[in-house]
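# Examining the three-dimensional arrangement
Residues per chain, in single letters:
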Amino acid sequence: MRVATGLAAWLAWLWSGCAGPAPVPPSAFSALPWSAAAADQAVLRARAAAERGAVPEALAQVEAVLAESSDHVDALRLRQDLLRERGRRGRLWVEAEARVRDRGDALAHYLRGRIGADPEARVRDFRRAAELDPEALWPWLGLAHALRGVDPGRAQRIYREIWRGSQGHPLVGTAYASLLRERGDHEAALAVAEQVAADPRATAAGQLGRAQALLGLGRDEPAWQALLAAARERPGDGQVQGALQAWLPVVGSNERLVEWLDVLRERPEHFAEFAQGEGVGLLAEILQRAQQPAAALGWLEQVPQLDERPSLARMRRRLLLASGDGPGFLAALRRQVPEAVVRAEPNELRARWAQLLDGPWFQRDPLGEPGLAADLAAALLRTGYLVEAEQWTALALRRWPATAGLAALRDEVRAELAFEGGLRRILYRGYRSDPAPDLDAVLADLRELSLRCFRRDVVGVPPRFVLPLVGELLDPFQGSLAEHFGRYNRHCVIGQRSGGAVEGMLLSRWSLAELPASAELPLSGRCREVVCFDRDVRALTGVVGGDVAGLALLDHFLVDHDAVRDWARSLRDRRRVARADGLALLQDPLPEAAVAGMDPFDVSWRLALQAPVADADLDDAVLEMIRCHERQHLVDAFQHLPIEANLGRSLGLLWQFGPSPVSIQAEMERRAELAALACSAHPELVLAHIADFQGESGGASPHHRGFGELGRQLVAALVARGVAEADALPSRWHLLDMALVQRAARDLFASLPR
């Protein structure tokens, strides 16, 4: 609250203090974008190319425009956007700084404001640009956007005035309607969106705005029709697809999905446009629900590096079964199994995985004989592939309808899927309830569900960990419920934080292993590691937004290996982009240290390139980093929980950070990531992870706060080891000797309580 109050006071000074009176938007602007001029049209074509993934083509088109008109603002904006997405914000900042220094005109300040990370500095730049050229539209758009998060009322007034002054330009209207929706004024947002939709330059954006405003007003059917109208204009638009993605869980029947498909069918090119980028997964899901598995498979199989994308790979293997391709399904499944994880000697589940991976169904027709088909179904069931086991038994029973063993396996997996689906609904209803049911009420509902599904109680009375002031957690390894899920290779976590809803997670397991002894990260009790995949039930944070790759829970930690793969893929993607650019990033100039400060700029990209681990080994590297991070969380848990048994340490935390759960969580995240930096074999990748959070200005999560503090402490520790302060800044981390970085991290790590 003190920060917010201080920022508001600063803004009040900015607008009314010694800087002079605030500039006022004009009643008309000197020029407007998106005109019929050749340069404007060329930039619009470049933007369309970028949206369909042809970024090199778009950049070439932009450079051609700038060769003829070096100050074309929309071309410069698009160039900034594209290069920034390719890890080159540092170069853009150096260019912007030079332009401000050499020219100091409105365009220079505007371009620097777009690249800056500091909210206050961005407001200053856009305001200065508006002062220098008050009849230019772009500075006012930038200023309104920069103020949205800190002074939305002022931002709204600016949008309203430039909306009028631009004679209802759709670029202004789209942003204006968005802010009105954010502020809850859906009627006003709808009125603006109606005008935008009537403009042929932005019909799709206007229809999308109409859909969002109508949905906010509770008018579902006209909102759906507006979304369809947007899709007709721009089926590949990420925002249009995002709106559909948000709508899918609440679609009441398949009729609306058929309606959407009919929009795509109207023009042959619509399917290809929709399948660009991330849209391919959404298209495959719609086709799957529309009972077109072959069409869905056809689109998925065009995705490069599909096996690096767990959600799409899961969809593919299930579609292969749905289309009757047993061998194709088995080949896809085998490619997805991390054999180094499942076959590791400490893995208590390795025998289950060996039975599946070494089974005769890889050498013989798995449907060739009823016994073989039944054995495969049982192996799928024992390794946690429940949906696939149900699909397989249905496929096998078509070939061998009289096989009693197959029918029994089918009935068993159906009952378990019904139980798990009911568990998910019970928990998710609790997430939405006020007040939320307590843990006893949830367990009572689960017992009733168990009796319906199995005709017996598999829940029993699960052992609990009860931590005063913290919450309760069911023991995921002991008791009849844990044993039940263990039969199907499932890991289920159910607990309730003090004052919160009952939350749960349900995943399948790649491995279960006892943590070995470690001198660097000692544990005072027995702990386990669970590496999981296919998360079918999510905790509250994962349902409403945001999620984590690992989670430490008192006596064990779990790692979501799907998140590991997504993280590793993001690192590979950075390397692919940089290589496609001829590694130009590595020749880009660095911002001056005096200006860069704690802004990491593009250092996470540079560190990803610099890390010696091969692309093929990035999954294992990310897993190792997470293991270090989560193990430190367990170390801290043993030191502070239960609170009544560790009162001194707990009071020390309260004394240092106050009664703020977020502040204490941030400190725990700082310690855990410090442990990863000090102990991991991949310090470049840990530093990149820290820099990514540090580079997201305004982040208020425990990870943002904790990693930001760790970055500041690391700079100080490097300086204490003799590194010049300018060379220790985050934007220069890639230039440091990683052995020196780890020694500085170990200096900090040694100061942690033991």
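Just above, that's the structure.
Residues numbered from 1 in each chain as written. Predicted model: local features only at pLDDT ≥ 70, side-chain atom pairs only at ≥ 80, totals over all residues. Heavy atoms only, no water.

## Let's talk about the packing of aromatic side chains
How two aromatic rings sit relative to each other is given by the distance of their centres and the angle of their planes. One pass over the full model with this rule turns up 16 aromatic pairs. Ring plane angle 55° and centroid distance 6.5 Å describe the contact between tryptophan 163 and tyrosine 176, whose orientation is recorded as tilted. Of the two residues, tryptophan 163 sits in helix α9 (residues 152-165) while tyrosine 176 sits in helix α10 (residues 170-182), which places them 13 residues apart along the sequence. In this pair, the class of tryptophan 163 matches that of tyrosine 176, namely buried. Here tryptophan 260 and phenylalanine 274 contribute two aromatic rings whose centre-to-centre distance is 6.1 Å and whose plane-to-plane angle is 75°, an arrangement assigned as edge-to-face. You can see tryptophan 260 sitting in helix α15 (residues 254-265) and its partner phenylalanine 274 sitting in helix α16 (residues 269-274), a full 14 residues away along the chain. Taken individually, tryptophan 260 and phenylalanine 274 each receive the classification buried, so the pair is uniform in this respect. Chaining the aromatic ring pairs together yields one cluster made of Trp353, Tyr385, Trp510 and Phe533. Between arginine 334 and the ring centre of phenylalanine 362, over which it is positioned, the NZ or CZ distance is 4.3 Å. In this structure, arginine 528 is placed above the aromatic ring of phenylalanine 477, and the distance from its NZ or CZ to the ring centre is 4.8 Å. (Phe/Tyr/Trp six-rings, centres within 6.5 Å; stacked < 30°, edge-to-face > 60°. Helix = DSSP H or I, 4+ residues; strand = E, 2+ residues; numbered from the N terminus. Buried < 20%, exposed > 50% of the residue type's maximum accessible area, 1.4 Å probe, protein only. Lys NZ or Arg CZ within 6 Å of the ring centre and 35° of its normal.)

## A short note on the sheet that holds strand β5 (residues 528-537)
Pairing within the open sheet is mixed, and its 7 strands lie in the order β1-β2-β3-β4-β5-β7-β6. Looking along the sheet, the strands with just one partner apiece sit at the ends: β1 (464-467) and β6 (550-553). Averaged over neighbouring strand pairs, the angle between their axes works out to 30° when direction is ignored. As paired elements, β5 and strand β7 (residues 556-560) share 5 bridges and run parallel to each other. Bridge assignment links valine 531 to a residue of β7, and that residue is valine 559. Of the strands in this sheet, β3 (490-497), β4 (502-514) and β5 are in contact with helix α25 (residues 404-432), which crosses β4 at around 135°. (Pairing = 2+ DSSP bridges. Axes fitted to C-alpha atoms, helices over the stretch in contact; angles between N-to-C directions. Contact = heavy atoms within 4.5 Å.)

## Here's the deal with the pairing of strand β2 (residues 471-474)
Residues in a regular strand project their side chains so that they alternate between the two faces of the sheet. With 4 bridges connecting them, β1 and β2 associate as antiparallel partners. Each residue of the ladder has a partner; that of phenylalanine 465, found in β2, is leucine 473. Counted between consecutive antiparallel strands, the loop separating β1 from β2 contains 3 residues, among which leucine 469 sits at a positive phi close to 70°. Note that β2 and β3 share 3 bridges and pair antiparallel. In the strand pairing of β3, leucine 473 is matched with glycine 495.

## Describing the packing of helix α11 (residues 186-197) against helix α12 (residues 203-216)
Two elements in contact, α11 and α12, have axes separated by 8 Å at closest approach and are oriented at 160°. Taken together, the axes of α11 and α12 are roughly antiparallel relative to one another. When you trace α11 past α12, the crossing you get is left-handed. The segment α11 lies against α12, with His186, Ala189, Leu190, Ala193, Glu194, Val196 and Ala197 engaging Thr203, Ala205, Gly206, Gln207, Gly209, Arg210, Gln212, Ala213, Leu214 and Gly216. For the contact of α11 with α12, a count of residues per class yields 8 nonpolar, 7 polar and 2 charged. (Parallel < 35°, antiparallel > 145°, perpendicular 65-115°, else oblique. Left-handed = near helix turned anticlockwise from the far one by under 90°. Nonpolar A, V, L, I, M, F, W, Y, C, P; charged D, E, K, R; others polar.)

## Examining helix α20 (residues 326-336)
If you check which residues of α20 are buried, you get Gly326, Gly328, Phe329, Leu330, Ala332, Leu333 and Gln336. Buried-residue contacts for α20 involve α19 (310-322), α22 (350-357), α23 (370-382), α24 (386-399), β4 and α29 (561-580). One side-chain oxygen of the residue at the start of α20 lies 2.8 Å from the amide nitrogen of glycine 328, identifying that residue as aspartate 325. (Polar contact = N/O pair within 3.5 Å; in protein donor to acceptor, adjacent residues only side chain to side chain.)

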